[in-house]
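Take a look at the letters that make up each chain.
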Amino acid sequence: MAFSYPQDKARGYEKNLTLRTLFGMFDDQQNFPIYLRDPEGNILDGDVTACETELSLSHGKYYLKICFQNADTIIFRANTQVVITKRRLSGSERVMVHDYGMCEIAGDEESLALEISKGSFTDHSVLNEKENPILKVLLKPAGDRLEGQLTLTGLNYKRPPQCSYEEALCETVKSYKAATETISTTCKKYQEAMAEAAYINWHAIVNPNGYIKYPVMLMTKNVMNQVWSWDYAINALAMADKNPELAYQQFLAMIECQDPHGTYPDCFQARTMIRSYVKPPIQGFILQKMFEIKMPGNDILKRLYQSVTQLTNWWIDFRGRKDGIPEYNHGNDSGWDNSTVFRCGYPVKSPDLCAWLVEQMYFLSRTARLLGLIEESEDWAKRGEALLAKMLEYFVVDHTFAAYKEPEHKVVENNSLLLYIPLILGERLPEDLRKNMLDKLLTSGKFITDYGIASEPVDSEYFIEDGYWRGAIWPPTAFIMTELLMKNGKTEEALKNAESFCDLCAERGFYENYSAIDGRGLRDSGFTWTASVFMILLRDYLEK
């Protein structure tokens, strides 16, 4: 569950608090607007205030206070009437009063179980009419006190332990402090932003349910309320020193979704899994950095090795069948959905994919040796060397990397930052190739802006300020560009890029991406991989 203003642009509810259940994808979530009424029944526009552990809706002397008792139950207190309604009715909604005093607001996928400890409720819903159905439950205080709880449930409702509002709030404060006490920074100018980043990542953790088998961080509890199969790895890296168990659980949760052929889904959440796309194989790159911070236990190490082995083989076996050079069947597969690398259609062979797989093969070689699998270790090293040789022969044109539209094997004319990702291989690449690409990357007026490195050159004919991967500054590229600049000896430029991104987060908040023109936040907000990149850049670069 999460609270926000309505996300479905419901007219008449724009200024009201909304309880959302996160089982729906993107903007197809269940929205339950909640508003105040005075004793005479007049609707009151409420002002919303909140801290990390408590939320308030108020109008003058009237108020509603809310805190979580646990992940599925909220406790509330009010001194006036409160109305719970629902937007976008599907036709299957019911409001049922059970003989043990619980009011069940039921729908297609879940129910809200309402229990009142002080005050009363009445059902004012009209749900059996074809025109203008309404779901409306009115809560009234006893005198000036209304108290109760709402629990997200399904067919098997179990009454949560009863506690007072103060007890629930106290436990939530303790939980928050315990989860975030290891998250801090020595950089004074970023301490306030670090506290916000810690809250975002803590707030986004959801417990096992449906497809989710381990606690995971959603990308956000706003629109992008899922776990994508490269975002999760960045979140894991951020938590490796702060909560290693949670960090490796991000990988274990994804492993549980791996199909028999070896690929991960594009994304998943409790009720939904998308398998029509994949994401780039950055697992080896990320896990190697995590191992340097905190090694997992041997059982988890074996699971990680086996899973990444299967994933790597899938890319070669199913996407590189003809010549061993794997391809993307959609921009989504690369993580750079609408990059200009894909402007001529699909499939596309892009050098970044080979670079990630080369990194992954060397990671598997090192991990196999840790597990005592010497022959497998040597085999992975040979496979990495062979793929690197193929990559250089296939993609290098005039001392730079190119992408190809297949099956025509036609160069895609573009200037996307995606073509610079292979620099992550550092000294494994020829010196003249590295120098030429670094010179192009760092040329003034192209990718480099006052706010970071743009995903498309700002002077490109395809540049769009809010064009997603055709111009915006992105958290993962802020991290990857910092790392590859460091690997290629550009320490000053790397640290400047890291600082620029951390400044963006501190000044603008934690958005899905940012404008390369003025630095403002774009698209979704409260994004975990943004908070995680902020943490990584501080820990691994700026604080050193």
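Everything below is about the structure printed above this text.
For the structure given in this document, a descriptive report is provided here. (Residues numbered from 1 in each chain as written. Predicted model: local features only at pLDDT ≥ 70, side-chain atom pairs only at ≥ 80, totals over all residues. Heavy atoms only, no water.)

1. A closer look at the environment of Leu-252
Then, number 1: In this fold, Leu-252 is placed in helix H4 (residues 244-255).
Then, number 2: Take Leu-252: its relative accessible area is 5%, and that puts it in the buried class.
Then, number 3: In this structure the C-alpha to C-alpha distance between Leu-252 and Pro-215, which are 37 residues apart in sequence, comes to 9.5 Å.
Then, number 4: Here Leu-252 is in contact with Tyr-214, Ile-300 and Arg-303, once residues within four sequence places are set aside. (Helix = DSSP H or I, 4+ residues; strand = E, 2+ residues; numbered from the N terminus. Buried < 20%, exposed > 50% of the residue type's maximum accessible area, 1.4 Å probe, protein only. Contact = heavy atoms within 4.5 Å.)

2. Section: the packing of aromatic side chains
Then, number 1: A complete count under the given rule lists 28 aromatic pairs for this structure.
Then, number 2: Where Trp-314 meets Phe-318, the ring centres are 6.2 Å apart and the plane angle is 20 degrees; that geometry is what we call stacked. Taken together, the residues span about one helical turn, with Trp-314 and Phe-318 both in helix H6 (residues 298-319) at a distance of four residues.
Then, number 3: The class of Phe-318 is partly exposed, set by a relative accessible area of 33%.
Then, number 4: Judged by centre distance (5.2 Å) and plane angle (70 degrees), the ring pair of Tyr-420 and Phe-447 falls under edge-to-face. Within this pair, whereas Tyr-420 is found in the loop between strand S25 (410-411) and helix H10 (431-441), its partner Phe-447 is found in the loop between H10 and strand S26 (448-449), the two being separated by 27 residues in sequence.
Then, number 5: Exposure remark for Phe-447: the relative accessible area of 2% places this residue in the buried category. (Phe/Tyr/Trp six-rings, centres within 6.5 Å; stacked < 30°, edge-to-face > 60°.)

3. Considering unusual backbone geometry
With the exception of glycine, most residues fall at negative phi, and the peptide bonds are largely trans.
Then, number 1: Here the residue pair Tyr-346 and Pro-347 is connected by a cis peptide bond, since its omega of -5 degrees sits within 30 degrees of zero.
Then, number 2: Secondary-structure assignment places Pro-347 in the loop between helix H7 (331-334) and strand S21 (348-349).
Then, number 3: With omega at 5 degrees, the peptide bond leading from Glu-406 into Pro-407 counts as cis.
Then, number 4: Its place among the elements puts Pro-407 in the loop between strand S24 (404-405) and S25.
Then, number 5: Even without a glycine there, the phi angle at His-399 is positive, about 60 degrees.
Then, number 6: The class for His-399 is partly exposed, based on a relative accessible area of 45%.

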